[in-house]
Amino acid sequence: MPPGRCSPGCRCGRWHATSATAGCRPLLKPAVAGLAVHTKTIRENGDEPRTVTTLHPASWPPILDRALWQAVTDKLTDPSRTTNPGVEPRWLCSGIARCHCGELVYVRSVNKRPSYVCRGPQAHLRRSAPHVDAYAGLWVCEYLSRDDNRDLLRPPARPGVDAGALRIEAIQLGERKRAQMRMHAAGDLDDADLAEGLKEIKRRLAGITAMLAASTTPDPLAEFRDQPDAEQVWDALPLARKRAVLRLLAAITLLPATRRGKGFDPESVRVVPLAAG
Ligand SMILES: [Zn+2]
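Residues numbered from 1 in each chain as written. Predicted model: local features only at pLDDT ≥ 70, side-chain atom pairs only at ≥ 80, totals over all residues.

**Student:** Before we go on, may I ask you to explain the overall build of the protein in this structure?
**Tutor:** Within the protein one finds seven helices and ten strands. When each of the 277 residues of the protein is scored for burial, the buried share is 13%. Once local pairs closer than 6 in sequence are excluded, the contacts in the protein between residues at least 24 apart make up 51%. (Helix = DSSP H or I, 4+ residues; strand = E, 2+ residues; numbered from the N terminus. Buried ≥ 20, exposed ≤ 12 C-beta atoms within 10 Å, placed from the backbone. Contact = placed C-beta atoms within 7 Å.)

What follows is the structure, given as structure tokens:
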């Protein structure tokens, strides 16, 4: 489906980079499953007011069975299905970390304080987004700095091809080319010999390039490989790349807060490594 305005049945009026889900947007409405949406604002223990949305059986008959509707909704809103991500999230863990209930979390700002909240119908989770992102970033850097993770996800070398030796030979060929041109300029090499020499160098360089291309599998952690300071590398990466690295390395779950009061509790963030160390 080409990009376009949201489907005629939807009143959100937004423009979508891809309308693959936009056309199905009416299907996402709980009303389809015979559910009414109730929204209320609650205040708890001096916390900032937050909106809680709950679903209740409605007075109209469902068009779709609730389990089927939930399955369709999960499928259509699964970020891994998106081939054109449209606007890239502005937060590291948004749409990657999960609430303890299993739903993905996203960021909602109240009074300019961005927090991760559960995407499920029960708004039972609220956690400072900057703190969670900082914690996840530190975890990645610490994880990649470990000695036993030096070769983590490193693509295996193609047997029989010594990429290091080939690269050195390519550098030497470049030097030889410059030397032949200097000799030609000084009158020590005639035109025919120069042309023959350069042709031979060009032929060998093309062979080296082809062998290197065939032997090199892209390294998913290329920027971090053999770098002494993972934190420095991480800080310099664009957010989209950080998110890709995080997806590759860890599953993050935001647990119910066990500590009351102000301050971020690192214990409330569970990070499980995905790649074998
Ligand atoms: Zn949840």
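What follows picks up the thread again.
**Student:** Would you mind showing me how to read the pairing of strand S9 (residues 250-254) here?
**Tutor:** Side-chain positions along a regular strand alternate between the two faces of the sheet. Burial along S9 is one-sided: Ala-250, Ile-252 and Leu-254 are buried, while Ala-251 and Thr-253, pointing the other way, are not. Strand direction decides the pairing type here: strand S5 (residues 98-99) and S9, joined by two bridges, are parallel. Counterpart to Arg-98 in the pairing with S9 is Thr-253. Here S9 runs beside strand S10 (residues 269-273); their pairing, made up of five bridges, is antiparallel. The residue bridging Ala-251 from the neighbouring strand is Val-272, located in S10. (Pairing = 2+ DSSP bridges.)

**Student:** Help me understand the environment of Glu-200, please; the structure alone is not making it clear to me.
**Tutor:** You can see Glu-200 is positioned in helix H5 (residues 191-215). Exposure remark for Glu-200: the 14 C-beta atoms within 10 Å place this residue in the partly exposed category. Separated by 23 residues in sequence, Glu-200 and Lys-177 place their C-alpha atoms 9.8 Å apart.

**Student:** What is the right way to read the environment of Gln-70 from this model?
**Tutor:** In this fold, Gln-70 is placed in helix H2 (residues 66-76). Along the sequence, Gln-70 and Leu-28 sit 42 residues apart, while their C-alpha atoms lie 8.5 Å from each other.

**Student:** I'm lost on the sheet that holds strand S6 (residues 105-110) in this one. Help?
**Tutor:** Each strand in a sheet pairs with its neighbour through backbone hydrogen bonds, running either in the same direction (parallel) or in the opposite one (antiparallel). Read across the sheet, three strands follow the order S6-S7-S8 without closing on themselves; strand pairing throughout is antiparallel. Looking along the sheet, the strands with just one partner apiece sit at the ends: S6 and strand S8 (126-128). Sheet twist, expressed as the mean angle between neighbouring strand axes with direction ignored, is 40°. (Axes fitted to C-alpha atoms, helices over the stretch in contact; angles between N-to-C directions.)

**Student:** I'm lost on the nonpolar core in this one. Help?
**Tutor:** For soluble globular proteins, nonpolar side chains are generally found buried alongside one another. The biggest cluster of nonpolar side chains holds 24 residues, and the ones touching the most others in it are Val-105, Tyr-116, Val-132 and Leu-254. Among the elements of the structure, strand S7 (113-118), helix H3 (129-145), helix H7 (239-249) and S9 are those that each provide at least two residues to this core. The biggest single contributor to this core is H3, with five residues. In this view, Val-105 contacts Ala-97, Arg-98, Cys-99, Tyr-116, Val-117, Cys-118, Arg-119, Leu-125 and Leu-254; residues no more than four positions away in its chain are not counted. (Core = buried A, V, L, I, M, F, W, Y, C linked by C-beta atoms within 7 Å.)

**Student:** What's the story with the sheet that holds S5 in this structure? I'm lost.
**Tutor:** Reading across the sheet, the three strands line up as S5-S9-S10 and stay open at both edges, with mixed pairing between neighbours. Where the open sheet ends on each side, the last strands, each with one partner, are S5 and S10. Along the sheet face, H3 touches S9 and S10 and points at about 30° away from the line of S10.

**Student:** Mind showing me how you'd approach H3 here?
**Tutor:** Note that an α-helix has 3.6 residues per turn; residues three or four places apart therefore point the same way. Taking 1.5 Å as the rise per residue, H3 with 17 residues should run 24 Å; its terminal C-alpha atoms sit 24 Å apart, in good agreement. Among the residues making up H3, those that are buried are Ala-129, Val-132, Asp-133, Ala-136, Val-140 and Leu-144. For H3, the angular spread of buried residues about the axis comes to 100°, placing them on one side. (Expected span 1.5 Å × (residues − 1). Arc of directions from axis to C-beta.)

**Student:** Just to check I follow, could you spell out the pairing of S6 for this structure?
**Tutor:** Note: S6 against S7, six bridges, orientation antiparallel. Bridge assignment links Ser-109 to a residue of S7, and that residue is Pro-114. Taking the residues between adjacent antiparallel strands as the criterion, S6 and S7 are bridged by two residues, where Asn-111 takes a positive phi near 50°.

**Student:** When you look at the environment of Cys-99 in this model, what are you seeing that I'm missing?
**Tutor:** Relative to the helices and strands, Cys-99 is located in strand S5. Judged by local crowding, Cys-99 falls into the buried class, with 22 C-beta atoms found within 10 Å. Each C-alpha atom of the pair Cys-99 and Leu-255 lies 6.7 Å from the other, and the pair is 156 residues apart in sequence.

**Student:** Before we go on, may I ask you to explain helix H4 (residues 163-185) in this structure?
**Tutor:** Taking 1.5 Å of rise per residue, the 23 residues of H4 would be expected to cover 33 Å, and the 34 Å separating its terminal C-alpha atoms lies within 8% of that figure. Burial within H4 is sparse, with just one of its 23 residues counted as buried. Note on H4: the residue one or two positions beyond its end, Gly-187, has a positive phi of about 90°.

**Student:** Explain unusual backbone geometry here, please?
**Tutor:** One can expect most non-glycine residues to show negative phi and most peptide bonds to be in trans. A positive phi angle, near 60°, is found at Lys-112, a position not held by glycine. Along the chain, Lys-112 falls in the loop between S6 and S7. The phi angle at Leu-153 is positive, at roughly 60°, despite the residue not being glycine. In this fold, Leu-153 is placed in the loop between H3 and H4. Look at Leu-153 and you get partly exposed, because 16 C-beta atoms sit within 10 Å.

Keep in mind these numbers describe shape, not what the thing actually does.
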